[in-house]
Protein chains: 2
Amino acid sequence: MAFKLPIRGEPSHTLTAQVAGHIKQHIATRQLAVGMRLPSIRGLAEAMAVSRSTVIEAYDRLAAEGLIRARQGSGFYVCPMPQPLSLADIGPRLDREVDPFWVAHQALAGGGGLLKPGCGWLPPEWLAQDSLRRALRSIARSDATELADYASPLGLGNLRQWIARRLADFSLEASPDQILLTDSGTQALDLVCRFLIEAGDTVLVDDPCYYNFHALLRAHRAKVVSVPYTPNGPDIASFERVLREHAPRLYLTNSVLHNPTGSSLAPAVAHQVLRLAEQHALTIVEDDVFADFERDHATRLAAFDGLKHVVHISSFSKMLSASVRCGYIAARPDWIAALSDLKIATTFGGSRMSALLVYRMLNDGSYRRHCETLRNRLARAMGPVAANLRRLGMKPWIMPRAGMFLWCELPRGMNATEIARAALARDIVLAPGNVFSMSGSAANFLRFNVAQSQDRRLYSVLADLLVKPGRRKTQQESMAE
Amino acid sequence: MAFKLPIRGEPSHTLTAQVAGHIKQHIATRQLAVGMRLPSIRGLAEAMAVSRSTVIEAYDRLAAEGLIRARQGSGFYVCPMPQPLSLADIGPRLDREVDPFWVAHQALAGGGGLLKPGCGWLPPEWLAQDSLRRALRSIARSDATELADYASPLGLGNLRQWIARRLADFSLEASPDQILLTDSGTQALDLVCRFLIEAGDTVLVDDPCYYNFHALLRAHRAKVVSVPYTPNGPDIASFERVLREHAPRLYLTNSVLHNPTGSSLAPAVAHQVLRLAEQHALTIVEDDVFADFERDHATRLAAFDGLKHVVHISSFSKMLSASVRCGYIAARPDWIAALSDLKIATTFGGSRMSALLVYRMLNDGSYRRHCETLRNRLARAMGPVAANLRRLGMKPWIMPRAGMFLWCELPRGMNATEIARAALARDIVLAPGNVFSMSGSAANFLRFNVAQSQDRRLYSVLADLLVKPGRRKTQQESMAE
């Protein structure tokens, strides 16, 4: 091979790039074909009049890119092309059964160009980008222990102190030692379920409730029963009957900005729920991931109960970043000890880096204003989205006082699952009601995320799909026109 | 309150710090006592001749530190002192039962000043600090989606392609779609167990084996059986007998640099293990977290078997950073699909940020040399540590060809659990043999991590503790001298 000599005096990283560039060119033109051995480090260094370390760096860079590969003691060789990624993980799947995993899979897998009014989180641009950039730069200056060591069993002490203060804001008294950090709100729920229930145990949920409760409980092989949810919380008569008839071990719920309805628990209902829980030895898991979307200090079961019958969980994914995963559990001290053992057994501890990043974001002085901005932005979005949906014949079940969700009833005769399938074919992920409903009673509901419902295309596709079946032209008719 | 005027012309973050500093001083001197309302934002801005936004920033910073708290619509108030962290999470616990959680808890909880020759990871200073700092700075420039959105169901495609190439290096052919990212090697194991076994199922492990296999299987309520481990792998006669008598569903093992012994599976034994697994419908989970400590391309069951009966798992915690958690599973495509559902149900997906950080570290051209450096450093540490231990009467079971572990037999009559307890009282975390042994057959073994056994204090404490009980002076005798 003949190589151009590099220009002297350039910084070495440019020389490295030049050496790497030459090799790439030779691979592209097949002068170096798959399986061929690259020039020796010494040989190439002499031929290009660069240092050996420059060649080593260039080869390592190409190896990291997967173009070449080192073989122990015998130099570097040209690799086969990297294997492509299949579409399974990088696009929605139209053929998937509409089960509790459906929305999560379609929304998580969906690539660019997909609208996601059905997903349960904010667009990344709304989240704490600048704060996270600052946190990353700041942690780049941390010491080796923070950068490379495991987390302590309960997780970052500073963050647990921050959480204890935050819980005190809504009258939930928990010491930092009653708080266990987890890698997400979902992992927090999962650990609590692993600790408190066995396969075959009965668990109570709201109807409707967050679809992933169904997925999680399926993973635990729990028997699931449900009670209708009203705009003030669970229907108390049904709640009492279910406790008497099915004696569930656990009740999973959102007290504040309930998913999918956006309603919040009224104090009187909370009191009844706790009274019945005490009578029936029911443990309540209160999932509070939407806490900071609420302007006022709403009713929390854990605050009323003092963590005796209630386990409180939350996370930072909805407010700060879903890329950095961090959640927590607040519970009785003896339960926290057992949950901490379980966390070590099943994950060997949480991500120290994620806890550090979250703590820096909470602690850089911008968090309160960030929350304020998000709340205002969501409040401004809620009305126009509701109006657009009403214009299409959809009716919000309630107008939530905060948060991102609108739980909407479709015009009579419409099936949300069919509409969600048809929308997916047009690159829109909707959240059909029955993924939230244990009893299958929400076939004519869709959950809309107002932050993800800003694109006009959504409404024109919905207008197409909501034409009453009788009046909808068949494909043949349309083509005949 | 009287305030000094700030010096004009200073950048605003200094003004913010000044305002915050003044308030802090007033809190420290009780001029602002717990529960008192802070000056209004407008009032303080005028008094200090700064802008209102400077005061807001200062108040937010103090609120983030937990010194003050905002009350909706009524200003800021001085908080009670933050609740202290208990020792439970920030120091070793002497009274803890020596069970499979013992080493993990003591080593994870232990603060500064603790020596950890019993822990299973490298000192943070040995890991990829500089590479991680570069990765953090580089990701601080990423787009909003990378910073704030959830990961895709299988996890970062680039990283899965990198892993597929790495597996191909040791002849394990897996496409990127057969690889599922997880938040740790332990989580990978846990997901596989959740998928493949139920409570009451029988699982086979090596005797000795990694202590957290016992903790994990206890969490799964599995019945555990074990086979003696030899320097070439499991004892095949026992292996066959256990399969016949107990019909285990699963076998968890390390093929390369087995934990705690440091030995590796011989090809002939691997062949027998696979033959028997096929005959008895046994699935093997191969935990390969020490892969890159190995110089040569050792025997992997997954490579022999082509992922038919074997699930291969690994992570980056041992080589790059344990603060950034990222592991993976390579398995049959249909199993990967089911495991991916299970991951979403139980964690709602992995940490995109961790995967990005790991990928940048693997991809910045320094990884091969980092591994080389670690291997050389460990190889240089192994001999002197073994010599020190031999001098104290301890005998390495084998001299491993790589890695960090020395599995050492104590002098006759010594009990490793007692020695580990006594060492903990002197701020040294040891790993007593029976936490690794299902059958309790390793009461006279300790596992040493050569990288964590560099401090002379270890050997002087061990010399004290290894004095034969008969010859050890009682405390009274020592004090009488």
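Computed from a predicted structure; not experimentally measured.

Caption draft 1: Spotlight on helix α8 (residues 185-196) of chain A. Residues and elements named next belong to chain A. The end-to-end C-alpha distance of α8, which contains 12 residues, comes to 17 Å, matching closely the 16 Å that a straight helix rising 1.5 Å per residue would cover. Across the 12 residues that make up α8, a large majority, 11, are buried. For α8, the full list of buried residues reads Gly185, Thr186, Gln187, Ala188, Leu189, Asp190, Leu191, Val192, Cys193, Arg194 and Leu196.

Caption draft 2: Spatial organisation of the interface of chain A and chain B. In this assembly, 107 residues from chain A lie in contact with 107 residues from chain B. Summed over both partners, the interface of chain A with chain B comes to about 8700 Å²; 54% of that surface belongs to carbon and sulfur atoms. Residues aspartate 60 of chain B and arginine 369 of chain A are paired through a salt bridge, measuring 2.8 Å at the closest nitrogen-oxygen approach. Taken together, the connections running from chain A to chain B amount to 45 residue pairs in polar contact (both at pLDDT 80 or more). The greatest single-element share of the side of chain A that touches chain B, amounting to eight residues, is contributed by helix α7 (residues 157-169) of chain A. In the side of chain A that touches chain B, the residues fall into 46 nonpolar, 30 polar and 31 charged.

Caption draft 3: Spatial organisation of the relation of the copies chain A and chain B. Of the transformation superimposing chain A on chain B, the axial component is 0.0 Å and the angular component is 180°, with the fit at an RMSD of 0.1 Å. Overall, the copies show the geometry of a two-fold rotation axis.

Caption draft 4: Up close: the packing of aromatic side chains. A complete count under the given rule lists 32 aromatic pairs over all chains for this structure. When the centroid spacing of 5.7 Å and the interplanar angle of 65° are considered together, the rings of tyrosine 211 of chain A and phenylalanine 436 of chain A count as edge-to-face. Placement of the pair is tyrosine 211 of chain A in helix α9 (residues 211-219) and phenylalanine 436 of chain A in the loop between β13 (431-432) and β14 (445-449), with a sequence separation of 225 residues. Phenylalanine 436 of chain A carries the same exposure label as tyrosine 211 of chain A, and that label is buried. Here tyrosine 210 of chain B and phenylalanine 213 of chain B contribute two aromatic rings whose centre-to-centre distance is 5.4 Å and whose plane-to-plane angle is 75°, an arrangement assigned as edge-to-face. The exposure classification of tyrosine 210 of chain B matches that of phenylalanine 213 of chain B, with both residues buried. For the cation-ring pair, arginine 300 of chain A lies above phenylalanine 170 of chain A, with the distance from its terminal atom to the ring centre recorded as 3.8 Å. Over the aromatic face of tryptophan 126 of chain B sits the side chain of arginine 377 of chain B, whose NZ or CZ is 3.9 Å from the ring centroid.

Caption draft 5: Local environment of the sheet that holds β14 of chain A. All names here are of chain A. Pairing within the open sheet is antiparallel, and its four strands lie in the order β11-β12-β14-β13. With one partner strand each, in any of the chains shown, β11 (395-396) and β13 form the two edges of the open sheet. Two strands pair when backbone bridges link them, and strand β12 (residues 405-409) and β14 are joined in this way by five bridges, in the antiparallel orientation. Residue pairing in the sheet places leucine 406 in a bridge with phenylalanine 448 of β14. Helix α15 (residues 367-391) rests against β11, β12 and β14 of the sheet, and its axis sits at about 15° to β12.

About the cut-offs
- Residues numbered from 1 in each chain as written.
- Chains lettered and ligands numbered in written order.
- Predicted model: local features only at pLDDT ≥ 70, side-chain atom pairs only at ≥ 80, totals over all residues.
- Heavy atoms only, no water.
- Helix = DSSP H or I, 4+ residues; strand = E, 2+ residues; numbered from the N terminus.
- Expected span 1.5 Å × (residues − 1).
- Buried < 20%, exposed > 50% of the residue type's maximum accessible area, 1.4 Å probe, protein only.
- Contact = heavy atoms within 4.5 Å.
- Buried area = accessible area lost by both parts, 1.4 Å probe.
- Salt bridge = Lys/Arg side-chain N within 4 Å of Asp/Glu carboxyl O.
- Polar contact = N/O pair within 3.5 Å; in protein donor to acceptor, adjacent residues only side chain to side chain.
- Nonpolar A, V, L, I, M, F, W, Y, C, P; charged D, E, K, R; others polar.
- Least-squares fit on C-alpha atoms with pLDDT ≥ 70 in both.
- Phe/Tyr/Trp six-rings, centres within 6.5 Å; stacked < 30°, edge-to-face > 60°.
- Lys NZ or Arg CZ within 6 Å of the ring centre and 35° of its normal.
- Pairing = 2+ DSSP bridges.
- Axes fitted to C-alpha atoms, helices over the stretch in contact; angles between N-to-C directions.

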